[in-house]
Amino acid sequence: SQTIHQWPATLVQPVGSPLSLECTVEGTSNPNLYWYRQAAGRGLQLLFYSVGIGQISSEVPQNLSASRPQDRQFILSSKKLLLSDSGFYLCAWGVGDNSPLHFGNGTRLTVT
Amino acid sequence: AQSVTQLDSQVPVFEEAPVELRCNYSSSVSVYLFWYVQYPNQGLQLLLKYLSGSTLVKGINGFEAEFNKSQTSFHLRKPSVHISDTAEYFCAVLSLGGYNKLIFGAGTRLAVHP
């Protein structure tokens, strides 16, 4: 069966420090991969998605970037964190058309 | 452009009472709709989905939702809630831009009281 792993579960980082969040999927090939952010009291905002290795689409301009070095690995990064980058980051995967997404357990990032 | 509106940010309810969480969508073409549940500090779990066919969709944990095209709604219902149903619920529509991108509502926090 397919599983998705996200780490770390929680992270506290100072303003100006770099960020790297990792997500891996097992049990499927060539999935579409997604990074969402959930700010306190708000819904989920799609940040990036990828339909293949090295292919990244950004939905909103921001301080973050994403990379997909391997088929089932998706990384969210920042060179210098801002206070506004705090939030709950969720990775998800999906395959095929009109199918639901499957989410990881998320990373809670607090920028201090 | 598509959008999803969840009309209630919070819904308090007593245990064993029925509940309805409201969701309205905006789209000019056929839509595919989903409800997800999020327990504290966890990811999202799919409750149910509407892709086509019967407008009454049954999901996990006793939840169901009805797709109403004329009212552009996809309300989530449960006839009798449990304390364990306390969570945040998200309605989502599949983006017409392809690649299975989901557009989410702001969420409804369901609080079940004893």
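Residues numbered from 1 in each chain as written. Chains lettered and ligands numbered in written order. Predicted model: local features only at pLDDT ≥ 70, side-chain atom pairs only at ≥ 80, totals over all residues. Heavy atoms only, no water.

> Sorry if this is basic, but what is going on with the overall build of chain A here?
Each helix and strand in chain A was counted, giving 0 helices and 11 strands. Helices and strands in chain A line up, N terminus first, as β-β-β-β-β-β-β-β-β-β-β. Relative to the 2.2 N^0.38 estimate, which gives 13 Å for 112 residues, the radius of gyration of chain A is 13 Å and therefore close to what a compact globule would have. If one aligns the C-alpha atoms of chain A with their principal axes, the spans along those axes are about 40 × 25 × 25 Å. For chain A, the proportion of its 112 residues judged to be buried stands at 49%. (Helix = DSSP H or I, 4+ residues; strand = E, 2+ residues; numbered from the N terminus. Rg over C-alpha atoms; globule rule 2.2 N^0.38 Å. Buried < 20%, exposed > 50% of the residue type's maximum accessible area, 1.4 Å probe, protein only.)

> I'm lost on the overall build of chain B in this one. Help?
The secondary structure content of chain B amounts to 0 helices and 12 strands. For chain B, the sequential pattern of α-helices and β-strands runs β-β-β-β-β-β-β-β-β-β-β-β. The C-alpha atoms of chain B give a radius of gyration of 14 Å, which matches the 13 Å a tight globule of 114 residues would have. Dimensions of chain B, computed from C-alpha atoms along their principal axes, come out at roughly 45 × 30 × 20 Å. In chain B, 54% of the contacts between residues at least 6 apart in sequence involve partners at least 24 apart. (Contact = heavy atoms within 4.5 Å.)

> Help me understand the state of the cysteines in this model?
Between two cysteines, a covalent bond joining their sulfur atoms is known as a disulfide. Residues and elements named next belong to chain A. On inspection of all chains with the given rule, the structure shows 2 disulfides over all chains. Across the disulfide from Cys-23 sits Cys-91; the S-S distance is 2.0 Å. Taking the sign of the torsion about the S-S bond as the criterion, the disulfide between Cys-23 and Cys-91, at about -75°, is left-handed. With Cys-23 in strand 3 (residues 19-26) and Cys-91 in strand 9 (residues 87-94), this pair connects stretches of sequence that are 68 residues apart. The exposure class assigned to Cys-91 is buried, which follows from its relative accessible area of 0%. (Disulfide = S-S within 2.5 Å.)

> It is not clear to me how the environment of A:Ser84 should be interpreted in this structure. Could you clarify?
Looking at the secondary structure, you find A:Ser84 in the loop between strand 8 (73-78) and strand 9. Remark: the alpha-carbon pair of A:Ser84 and A:Phe74, spanning 10 residues in sequence, is separated by 22 Å.

> Mind showing me how you'd approach the sheet that holds strand 8 of chain A here?
Strand pairing within a sheet occurs via backbone hydrogen bonds; the two strands may be parallel or antiparallel. All names here are of chain A. Taken together, 4 strands build an open sheet; the order of strands is 1-3-8-7 and the sheet is antiparallel. Two strands bound the open sheet, and with one partner strand each, they are strand 1 (3-7) and strand 7 (65-70). Adjacent strand axes in the sheet meet at a mean angle of 20°, parallel and antiparallel pairs treated alike. Sheet topology places strand 1 next to strand 3; 5 bridges connect them, and they run antiparallel. Residue pairing across strands places Gln-6 opposite Cys-23, the latter belonging to strand 3. (Pairing = 2+ DSSP bridges. Axes fitted to C-alpha atoms, helices over the stretch in contact; angles between N-to-C directions.)

> Got a minute to help me understand the interface of chain B and chain A in this structure?
Put simply, an interface is often sized by how much accessible area is lost when its parts join up. Every contact between the two is made by 20 residues of chain B and, on the other side, 24 residues of chain A. Buried area between chain B and chain A, summed over both chains or domains, comes out near 1800 Å², and the portion from carbon and sulfur atoms is 55%. Area buried by chain B at its contact with chain A is led by B:Tyr99, B:Asn100 and B:Lys101, which between them contribute 32% of it. In this assembly, chain B and chain A are joined by 1 salt bridge. Measuring nitrogen to oxygen at the nearest pair gives 3.4 Å for the salt bridge that ties B:Lys101 to A:Glu59. (Buried area = accessible area lost by both parts, 1.4 Å probe. Salt bridge = Lys/Arg side-chain N within 4 Å of Asp/Glu carboxyl O.)

> Hey, could you run me through the nonpolar core in this one?
Note on soluble globular proteins: their nonpolar side chains tend to be buried together. Within the largest apolar cluster, 28 residues are counted, with the highest numbers of intra-cluster contacts made by B:Trp35, B:Leu48, B:Phe74, B:Leu76 and B:Tyr89. It is strand 10 (residues 87-94) of chain B that provides the largest number of residues to this core, a total of 4 residues. Core analysis: the second largest hydrophobic core is formed by 20 residues, A:Leu33, A:Trp35, A:Val60 and A:Phe74 among them. (Core = buried A, V, L, I, M, F, W, Y, C linked by side-chain atoms within 4.5 Å.)

> I keep staring at the pattern of salt bridges and nothing clicks. Help me out?
Side chains carrying opposite charge are able to pair once their charged atoms draw close together. Residues and elements named next belong to chain B. Per the counting criterion, the structure on display carries 9 salt bridges over all chains. Two residues, Glu-66 and Arg-77, come together in a salt bridge whose shortest N-O distance is 3.4 Å. Residue Glu-66 is located in strand 8 (residues 64-68), and its partner Arg-77 is located in strand 9 (residues 73-78); the two are separated by 11 residues in the primary sequence. Here Glu-88 and Arg-109 are joined by a salt bridge, their closest N and O atoms 2.8 Å apart. In this pair, Glu-88 sits in strand 10 while Arg-109 sits in strand 12 (residues 108-113), placing the two residues 21 residues apart along the sequence. Residue classification places Glu-88 among the buried residues on the basis of a relative accessible area of 11%. One salt-bridge network, held together by shared partners, links Glu-20, Glu-66 and Arg-77.

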